[in-house]
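Coordinate analysis (summary)
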Amino acid sequence: NSFVTRTNTCGELRSAHVGQKVTLYGWVQYQRQGLFLVLRDFHGLTQIIIPQDEAHSHVKELLSSAPVESVVRVTGIVSPRPLGQENPKMPTGDIEVKAETAEILNSCKKLPFEIKDFIKKSEALRMQYRYLDLRSFQLQSNLRLRSRMVMRMREYLCNLHGFVDVETPTLFKRTPGGAKEFLVPSREAGKFYSLPQSPQQFKQLLMVGGLDRYFQVARCYRDEGSRPDRQPEFTQIDIEMSFVDQAGIQRLIEGLLQHSWPEERALITTPFPSMTYEEALAEYGTDKPDTRFGMKIMDISDVLRGSDIHFVQNALSYPHGSIRAICIPQGVRYLTNKDLESLKKSAKSQFNQEIMEIIRRPDGSLKSLLTKFLGEKEQSELIQALNMQEDDVVLLAAGEHKQVCSALGTLRLLSANLLEAAGLALRDPTAFHFLWVVDFPLFLPKAENPTELESAHHPFTAPHPSDASLLYSDPTKVRSQHYDLVLNGNEVGGGSIRIHSAEQQRFVLEEVLKEDSEMLSHLIEALEFGAPPHGGIALGLDRLISLIVDAPSIRDVIAFPKSFRGRDLMGNAPDYVTAEELEPYHIQVSWPLEEKEAKKN
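These numbers were taken from a predicted model, which means no experiment stands behind them.

**Quick word on the domain arrangement of the chain**
Per the domain assignment, the segments making up the chain are domain 1 (15-106), domain 2 (139-275 + 433-556) and domain 3 (293-422). On a C-alpha basis, the centroid separation for the pair domain 2 and domain 3 is 37 Å.

Pasting the structure below:
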């Protein structure tokens with residue numbers, strides 16, 4: 001209550017304050033028949049008794065007529081609630097304030113929706129009236145937890161470990177590869193700035209500059225269009241260090257998260273487990289596994305290798321062919337035939353992958369189209385390999401290793417959703433399972449042209465020391481020194497040890513990626529002036545906080561987010577500008593015909 005004219009917040013009064021004269025400021029949460037109202041501020045709720053005597057008739061009239069969500073000041077005496085009228089659900093439930101004077105500081109007009117967490121509001125309406133949505137308890141709680149975590153992260157990095165907080169430019173130039181960047185016109189004809197998707201180049205240049213340890217709560221930008229649960233502008237905890245290896249970065253981040261972790265959440269233990277990219281893909285079908293539950297992908301190629309099943313033998317004849325399966329516990333009990341069909345359709349539509357189901361009956365026998373091709377011994381081996389229990393359902397896929405694993409990984413998550421919807425507790429919503437995923441490939445074939453390569457992450461990532469020679473002979477086999485941090489099946493951070501040799505950086509850009517290195521000449525030149533070995537990481541703050549508070553969307557942990565389509569519905573941005581405003585930037589807008597007609601009308 002320092003620097004303000006209130007004596008207390010609406011959440012702090014207790015029985016110990018009885019008899020004290022207090023002044024409270026807040027919003028009218030609720031008013032009942034001119035007898036009492038509930039006053040709310042950022043800290044909590046307090047019940048205000050409206051005086052009924054003639055001497056205070058003006059106070060009664062004022063408070064009784066104040067619309068909900070009006071801002072009022074109330075001065076009164078703290079009193080104990082009458083016996084039996086205490087409210088144990090309210091921290092202030094043992095007391096009430098008997099109003100003596102009051103003032104309406106700002107009356108509220110009719111609301112577009114009620115300011116209550118349990119009232120369902122459309123996403124568009126919440127975005128349009130975000131300043132009202134921010135009054136909800138949940139959003140207030142989310143933003144305050146976010147603030148506390150960031151403050152403790154600063155404390156850990158700057159005060160305890162000597163990091164330097166540096167702000168880097170947001171007006172820069174286009175970076176080759178990676179996500180699309182927003183362009184900003186300049187007054188030089190034909191020349192544009194780019195808003196950086198991360199401070200990647202700047203933080204490496206800071207290491208060349210000898211800062212040794214850099215940190216920033218960085219604003220980043222990506223023009224990715226309409227992608228669910230993504231934002232065109234977002235926040236990273238951005239970190240870079242000199243003379244560090246992968247293990248050093250991992251230890252730093254584990255310590256950072258332990259130090260800043262909210263006390264009211266389940267404890268996290270370190271060190272976090274680690275898994276290679278190949279292991280993650282083979283066991284979970286994804287590079288961001290949710291390890292809160294089992295149902296791992298099992299390799300049953302050897303069990304079925306001797307069978308006469310045509311599609312099995314066909315799959316195994318390919319160089320990277322395999323037969324894999326997931327076992328859905330109690331699938332018969334919790335999944336309907338419609339559920340199983342929807343799972344098969346998902347595999348077919350997303351991965352062009354056929355799925356075969358196997359059910360273990362209560363008598364121990366198997367029910368499947370496959371059983372007529374399998375003898376008792378093979379069936380027994382299959383049950384044992386998959387650890388099948390009564391009423392379990394197995395989904396089996398055959399084909400190219402990566403496709404099979406990716407399809408089963410998706411079905412694993414979809415099955416988990418269906419099981420939980422049917423009442424089987426599978427994933428603990430209060431548990432936090434962190435995981436490091438390491439040894440990613442350095443390059444991947446381009447989707448539009450598989451004969452060309454692109455960086456799996458970005459072109460500044462150093463090759464794995466064991467694979468350095470392969471960079472020049474067979475770059476497709478090179479592993480990277482990249483590492484991702486995964487939490488409950490979501491990527492919350494990623495980083496790498498960087499290339500600090502100008503020669504190697506130029507080779508990667510020109511010979512492997514076929515990019516014009518001239519665009520990065522400033523960085524390559526900097527690497528020639530005694531650049532130290534360095535590496536770093538960026539944590540996605542929005543995603544991390546949303547997982548900690550179990551928010552349905554990252555929009556629920558950002559004060560003023562954009563809509564699904566990247567629009568600000570409150571301020572109606574982006575918006576049109578006049579031809580006169582565009583003139584200094586040498587830009588003319590070519591309007592589609594239908595928009596020309598609309599503007600005329």
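**Things to note about the packing of aromatic side chains**
According to the stated counting rule, one finds nine aromatic pairs in the structure shown. Relative to F202, the ring of F172 lies with its centre 4.5 Å away and its plane at 55°, an arrangement referred to as tilted. Of the two residues, F172 is situated in the loop between β6 (164-165) and β7 (183-185) and F202 in helix α5 (residues 200-208); the sequence distance between them amounts to 30 residues. For F172, a relative accessible area of 19% translates into the label buried. Between the aromatic rings of Y277 and F440, the centroid separation amounts to 5.3 Å while the plane-to-plane angle is 40°, which identifies the pairing as tilted. Within this pair, whereas Y277 is found in helix α7 (residues 277-284), its partner F440 is found in the loop between β17 (434-438) and β18 (443-445), the two being separated by 163 residues in sequence.

**Concerning the environment of K21**
Assignment of secondary structure puts K21 in strand β1 (residues 21-32). Taking the C-alpha atoms as reference points, K21 and R73, separated by 52 residues in sequence, lie 13 Å from one another. Apart from the residues within four sequence positions on either side, K21 is in contact with T75, G76, I77 and E100.

**Remarks on the environment of S15**
Checked against the element boundaries, S15 lands in the segment before β1. For S15 and P289, which are 274 residues apart along the polypeptide, the C-alpha to C-alpha distance reads 50 Å. Residues within four places of S15 in sequence aside, it is in contact with D94 and I95.

**Details of the sheet that holds strand β16 (residues 393-400)**
Pairing in this open sheet of five strands is antiparallel, and the strands run β12-β13-β16-β14-β15 from one edge to the other. The open sheet is flanked by β12 (298-299) and β15 (366-367), the only strands paired with a single partner. The pairing of strand β14 (residues 356-360) with β16 spans four bridges and is antiparallel. Paired with I359 across the two strands is V393, which belongs to β16. This element, helix α13 (residues 401-421), spans β13 (321-328) and β16 of the sheet and lies at about 10° to β13.

Scoring rules and cut-offs
- Residues numbered from 1 in each chain as written.
- Predicted model: local features only at pLDDT ≥ 70, side-chain atom pairs only at ≥ 80, totals over all residues.
- Heavy atoms only, no water.
- Domains from an automatic or database assignment.
- Phe/Tyr/Trp six-rings, centres within 6.5 Å; stacked < 30°, edge-to-face > 60°.
- Helix = DSSP H or I, 4+ residues; strand = E, 2+ residues; numbered from the N terminus.
- Buried < 20%, exposed > 50% of the residue type's maximum accessible area, 1.4 Å probe, protein only.
- Contact = heavy atoms within 4.5 Å.
- Pairing = 2+ DSSP bridges.
- Axes fitted to C-alpha atoms, helices over the stretch in contact; angles between N-to-C directions.

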